[in-house]
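These are the residues of each chain, in order.
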Amino acid sequence: MTKTIKYSIAIVVLLSANLGLVFTDGLKPSSSFNDELFLIENIDQIQSIVITRENERIELVRGLNNWQLNNRFEADQNFMQILFSLLNQVKVKRSVGALDHEISGNVLVSLDGEELSFDFATDQLGTRSYFIKNGVAYQVEVPGYRDNVVNIFQLGEDQWRNRMVFDGSWRTIQNLSLVSEEKELSIKFNNQFFLVDGVSRIDSSGVVDYLNQFQVFQANEMISEGRFPELDSLKETDPLATLVIEDIQDPNEIIFRIYPNLEGQPYHLVTKNDQSMMVFDQRRIQSILKDNQDFRAK
C-alpha cells in the first residue's frame, strides 16, 4: 500500500507544482497539421469529461457550484483546474501516424453543442504523451509543463475525489476535544476567547495556530473501502485518538477517528463520522495530537 499511496501523492505534487508554471513555447509546430487539434479554447463551455480506461470509468460533470465525480462524490477542484489548464494549452508537437504503443484509454469532452473524443497513450518510459484521433496518433505537450500530459488521465476515482474534509478556523470552531491513551485536549469558546481544560494561563497564540491548521483541512488521499484490505481491517480496531469538532458552519459535530500507522508506513488512516476513509501524513497527525498542557503560557 505504501508504494501505491506514495505514487498517488507524487502525482498530486507534480501536477500541483506544474499548475503554476508560466507556459512558454520554444518549439515551432510543423505547418502540415493543426497544432491546436485538441485544444479547447473556451473551457467554460465544458459540461462533462468522461475518462475511460480498461478497468475504470471517471465521469466528471459540471454542477451548480462544483464538479461531480461518478455521481457519488464532489471532485477535487484543484485537479479540475489542472485538467482545464492542460486542455486549454495542449499543443500537437508532431504527427506520428499509426501508434505502436498500447492505447491507455479514451477521453470524451462534451461541450455546448459539440464533443471532442480522443484516445490517449504514452511510451514505455512514460515520458511522451500521445493523443489519437481517427486512427492517427499525435505527440502532444503543454509548453512549459514538465510532467507527462497523460498522467492526469491515469488518476483513479480516489485521486479525483475532493480531499478537503473540513474547513474551519479559530473564528468558527466552538469546541474541540481530543482523547487518546496518552493525551487529552479540550478547547472551548466562552464568548470572548477559548478556555483550555486545566490551564489557567493560556498561550493564546498557540491555541489560534492550533485551530487554524484545520482551515482547508485536506487529506493526502481519500480511500475507498476494499481498495486496501489492511486498512479495512485497521478500521475495525480501536483508534489511536478521537477528535471531535463543533463548528458554527455545521449543525452536527464532526468526529475524526485516527488510527495507528502500520509498521513502516508514514501515514495514518483516519475516518470521518465513521464513513469516509482517508490517509494523512504522519507529521500532520503529530501536529494534531496535543495535550491541554501544551497550551500553558510559558
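The rules behind the values
Residues numbered from 1 in each chain as written. Predicted model: local features only at pLDDT ≥ 70, side-chain atom pairs only at ≥ 80, totals over all residues. Heavy atoms only, no water. Helix = DSSP H or I, 4+ residues; strand = E, 2+ residues; numbered from the N terminus. Contact = heavy atoms within 4.5 Å. Areas by Shrake-Rupley, 256 points an atom, 1.4 Å probe, with all protein chains shown as cover. Salt bridge = Lys/Arg side-chain N within 4 Å of Asp/Glu carboxyl O. Buried < 20%, exposed > 50% of the residue type's maximum accessible area, 1.4 Å probe, protein only. Core = buried A, V, L, I, M, F, W, Y, C linked by side-chain atoms within 4.5 Å. Lys, Arg positive; Asp, Glu negative; His and termini not counted. Polar contact = N/O pair within 3.5 Å; in protein donor to acceptor, adjacent residues only side chain to side chain. Expected span 1.5 Å × (residues − 1). Pairing = 2+ DSSP bridges. Axes fitted to C-alpha atoms, helices over the stretch in contact; angles between N-to-C directions. pLDDT = per-residue confidence, 0-100. Phe/Tyr/Trp six-rings, centres within 6.5 Å; stacked < 30°, edge-to-face > 60°. Lys NZ or Arg CZ within 6 Å of the ring centre and 35° of its normal.

1. Quick word on the overall build of the chain
For step 1, the next point in the chain: Secondary structure summary: the chain contains six helices and 19 strands in total.
For step 2, the next point in the chain: Relative to all contacts within the chain whose residues are 6 or more apart in sequence, the contacts with residues 24 or more apart total 63%.
For step 3, the next point in the chain: Of the roughly 15,700 Å² of accessible surface on the chain, a fraction of 44% belongs to carbon and sulfur atoms.

2. Description of the pattern of salt bridges
For step 1, the next point in the chain: In the structure shown here, the tally under the stated rule is 10 salt bridges.
For step 2, the next point in the chain: The salt bridge partner of Asp 158 is Arg 161, with a shortest N-O separation of 3.5 Å. Across this residue pair, the class does not change: Asp 158 and Arg 161 are buried.
For step 3, the next point in the chain: A salt bridge links Arg 283 to Asp 281, with the nearest nitrogen and oxygen atoms 3.2 Å apart.
For step 4, the next point in the chain: Within this structure, Asp 158, Arg 161, Glu 221 and Arg 227 form a network of salt bridges that share partners.

3. Here we look at the nonpolar core
For step 1, the next point in the chain: Core analysis: the biggest nonpolar cluster contains 38 residues, and Ile 46, Ile 49, Leu 60, Phe 131, Phe 153 and Trp 160 have the highest contact counts within it.
For step 2, the next point in the chain: Looking at this core, the elements with two or more residues in it are strand E1 (46-53), strand E2 (56-62), strand E3 (67-69), helix H2 (77-89), strand E6 (103-111), strand E7 (114-122) and strand E9 (136-141).
For step 3, the next point in the chain: In terms of residue count, the dominant contributor to this core is H2 (seven residues).
For step 4, the next point in the chain: Non-local contacts of Phe 153, meaning those with residues more than four positions away in its chain, are made with Ile 51, Arg 53, Leu 83, Val 107, Phe 118, Phe 120 and Phe 131.

4. Comments concerning the side chain of Arg 53
For step 1, the next point in the chain: Take Arg 53: it is sitting in strand E1.
For step 2, the next point in the chain: Contacts of Arg 53, omitting those with residues within four sequence positions, involve Ser 104, Gly 105, Phe 120, Phe 153, Gln 154, Leu 155 and Gly 156.

5. A few points about the side chain of Asp 147
For step 1, the next point in the chain: Looking at the secondary structure, you find Asp 147 in the loop between E9 and helix H3 (157-160).
For step 2, the next point in the chain: This buried residue, Asp 147, is left without a salt bridge; Arg 146 holds the nearest opposite charge, at 10 Å.
For step 3, the next point in the chain: A polar contact is formed between the side chain of Asp 147 and the side chain of Asn 151, at a distance of 3.1 Å.

6. Some points on H2
Given 3.6 residues to a turn, an α-helix orients residues that are three or four positions apart in the same direction.
For step 1, the next point in the chain: Its 13 residues give H2 an end-to-end C-alpha distance of 18 Å, which sits within 8% of 18 Å, the value for a rise of 1.5 Å per residue.
For step 2, the next point in the chain: Where H2 begins, the capping side chain belongs to Asp 76, and its oxygen is found 3.0 Å from the backbone nitrogen of Asn 78.

7. Brief notes about the pairing of E7
For step 1, the next point in the chain: Here E6 runs beside E7; their pairing, made up of eight bridges, is antiparallel. Paired with Leu 108 across the strands is Ser 117, a residue of E7.
For step 2, the next point in the chain: Hairpin connection between E6 and E7: a loop of two residues separates the two successive antiparallel strands, and Gly 113 in this loop has a positive phi of roughly 85°.
For step 3, the next point in the chain: Sheet topology note: the E7/strand E8 (residues 129-133) ladder contains four bridges and is antiparallel. For Thr 122, the partnering residue across the bridge sits in E8 and is Ser 129.

8. With respect to the sheet that holds strand E15 (residues 221-223)
For step 1, the next point in the chain: Strands sit in the order E13-E12-E11-E16-E17-E18-E19-E15 across an open sheet of eight strands; the sheet is antiparallel. Edge positions in the sheet fall to strand E13 (194-196) and E15, since each of these pairs with one other strand and no more. Direction aside, neighbouring strands of the sheet carry axes that sit 20° apart on average.

9. Considering the environment of Phe 280
For step 1, the next point in the chain: When you line up the elements, Phe 280 lands in strand E19 (residues 276-281).
For step 2, the next point in the chain: With 14 residues separating them along the chain, Phe 280 and Pro 266 place their C-alpha atoms 8.7 Å apart.
For step 3, the next point in the chain: Contacts of Phe 280, omitting those with residues within four sequence positions, involve Val 165, Phe 217, Gln 218, Ala 219, Asn 220, Pro 266, Tyr 267, His 268, Val 270 and Ile 285.

10. Some words on helix H4 (residues 204-212)
For step 1, the next point in the chain: For H4, every residue scored as buried is listed here: Gly 206, Val 207, Val 208, Tyr 210 and Leu 211.
For step 2, the next point in the chain: Of the surrounding secondary structure, the elements contacted by the buried residues of H4 are strand E11 (173-180), strand E12 (184-189), E13 and helix H6 (282-288).

11. Thoughts on the confidence of the model for the chain
For step 1, the next point in the chain: Of the residues in the chain, 89% have a pLDDT of 70 or more, and the chain-wide mean is 89.
For step 2, the next point in the chain: The low-confidence segment residues 16-31, where pLDDT is below 50, has 23 contacts with residues more than four positions distant or belonging to other chains.

12. Structural notes on the packing of aromatic side chains
For step 1, the next point in the chain: The full count for this structure, using the stated rule, is 17 aromatic pairs.
For step 2, the next point in the chain: A centroid spacing of 5.9 Å and a plane angle of 85° characterise the contact between Phe 217 and Phe 256, whose relative ring orientation is edge-to-face. Of this pair, Phe 217 sits in strand E14 (residues 217-218) while Phe 256 sits in strand E17 (residues 254-258), and the two are 39 residues apart along the sequence.
For step 3, the next point in the chain: Lying over the aromatic face of Phe 73, Arg 161 brings its terminal NZ or CZ to 4.0 Å of the ring centre.

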